[in-house]
Amino acid sequence: MSRGLPDQVDVWRMVSGRRCFSGQLPLASLPRLRDSLADVGGTVEFELEFGTDEFDQAYVGLRAQGELPLICQRTLEVYRQPVAVSMRLGLIRREQDEAGLLPGYEAFLVPADGMIAPADLIEDELILALPLVPARPDSVLEQPEPDDTGGSHPFAALRSVRLQ
């Protein structure tokens, strides 16, 4: 298993050589993910495994885990969101080949030249693992107190409307 991660690899050479990579990626090195983070301190651990299965389907196995610093939308405080992704990407040359993938594979259309940036694969999956609305699990949503002071309510006039 190789440590570190090259900038670009020929995916088909990696598959034929059954290459594996593992290591850590700094969050600061992931420009598209960085925009969603509260800060870029920290790393994510990764493993990439290129190979073929018993049906001769080329794949890359991807595992990544770490904690992403996000801003809780309830408290507006920074918290660390644990993420763990594990998937197998079926490598295809044409979009039509997606229909032939077995269950458990996510399709990945390899560019015509066969070159990919492995860090981009990891970054894509981390972006997909982000919560739609970041919220610290132990945060409580504050409910507004009812206004008993007799102040005006914007929809008070609708109380008199009756539906028929």
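Up top is the structure.
Residues numbered from 1 in each chain as written. Predicted model: local features only at pLDDT ≥ 70, side-chain atom pairs only at ≥ 80, totals over all residues. Heavy atoms only, no water.

(A) Spotlight on the overall build of the protein. Along the backbone of the protein there are three helices and eight strands. When the helices and strands of the protein are listed from N to C terminus, the series reads β-β-α-β-α-β-β-β-β-β-α. Going through the 164 residues of the protein one by one, you find that 33% of them count as buried. Partitioning the intrachain contacts of the protein with sequence separation of at least 6 by distance along the chain shows that 55% fall at a separation of at least 24. Carbon and sulfur atoms form 51% of the exposed surface of the protein, whose accessible area is close to 10,800 Å². (Helix = DSSP H or I, 4+ residues; strand = E, 2+ residues; numbered from the N terminus. Buried < 20%, exposed > 50% of the residue type's maximum accessible area, 1.4 Å probe, protein only. Contact = heavy atoms within 4.5 Å. Areas by Shrake-Rupley, 256 points an atom, 1.4 Å probe, with all protein chains shown as cover.)

(B) Quick peek at the pairing of strand β6 (residues 78–92). Of the pairings in the sheet, the one linking strand β5 (residues 58–71) to β6 comprises 13 bridges and is antiparallel in character. Among the inter-strand pairings, Leu-70 is bridged to a residue of β6, identified as Tyr-79. Counting the residues between successive antiparallel strands, the hairpin from β5 to β6 contains six residues, one of them, Leu-76, with a positive phi of roughly 60 degrees. One ladder, built from five bridges, connects β6 with strand β7 (residues 105–109); its direction is parallel. Paired with Arg-88 across the bridge in β7 is Tyr-105. (Pairing = 2+ DSSP bridges.)

(C) Representation of a nonpolar patch on the surface within the structure. A contiguous nonpolar surface patch, about 290 Å² in accessible area, is contributed by Ile-71, Leu-76 and Val-78. Along the polypeptide, Val-78 turns up in strand β6. (Patch = residues over 30% accessible without salt bridge, like charges linked within 9 Å, V, L, I, M, F, W, Y side chains within 5 Å. Salt bridge = Lys/Arg side-chain N within 4 Å of Asp/Glu carboxyl O.)

(D) Here's a closer look at the pattern of salt bridges. Taken as a whole and judged by the stated rule, the model has eight salt bridges. Glu-67 serves as the salt-bridge partner of Arg-80, at 3.8 Å between the closest nitrogen and oxygen. Of this pair, Arg-80 sits in strand β6 while Glu-67 sits in strand β5, and the two are 13 residues apart along the sequence. Judged by its relative accessible area of 38%, Arg-80 is partly exposed. Since its relative accessible area comes to 40%, Glu-67 is described here as partly exposed. We note a salt bridge from Asp-138 to Arg-136, for which the minimum N-O separation is 2.5 Å. What you see here is one network of salt bridges that share partners, running through Arg-32, Glu-123 and Asp-124.

(E) Local environment of the side chain of Asp-53. Summarising the element assignment, Asp-53 is placed in the loop between β4 (43–52) and β5. Buried and without a salt bridge, Asp-53 has Arg-88 as its closest oppositely charged side chain, separated by 5.1 Å. A distance of 2.9 Å separates the side chain of Asp-53 from the backbone nitrogen of Phe-55, its partner in a polar contact. Looking at Asp-53, its side chain comes within polar contact range of the main-chain nitrogen of Gln-57, at 2.9 Å. Discounting chain neighbours no more than four positions away, the residues touching Asp-53 are Tyr-59, Arg-88, Leu-102 and Tyr-105. (Lys, Arg positive; Asp, Glu negative; His and termini not counted. Polar contact = N/O pair within 3.5 Å; in protein donor to acceptor, adjacent residues only side chain to side chain.)

(F) A look at the packing of aromatic side chains. Following the criterion strictly, the structure yields one aromatic pair and no others. Note on Phe-21 and Phe-50: the rings are 6.3 Å apart at their centroids and 90 degrees apart in plane angle, and the pair reads as edge-to-face. One end of the pair, Phe-21, is in strand β3 (residues 20–26); the other, Phe-50, is in strand β4, with 29 residues separating them in the sequence. Of note, Arg-88 hangs over the ring of Tyr-59, and the distance from its end group to the ring centre comes to 3.8 Å. A cation over a ring is seen here: Arg-93 above Trp-12, with NZ or CZ 4.0 Å from the ring centre. (Phe/Tyr/Trp six-rings, centres within 6.5 Å; stacked < 30°, edge-to-face > 60°. Lys NZ or Arg CZ within 6 Å of the ring centre and 35° of its normal.)

So yeah, pure geometry; function would need other evidence.
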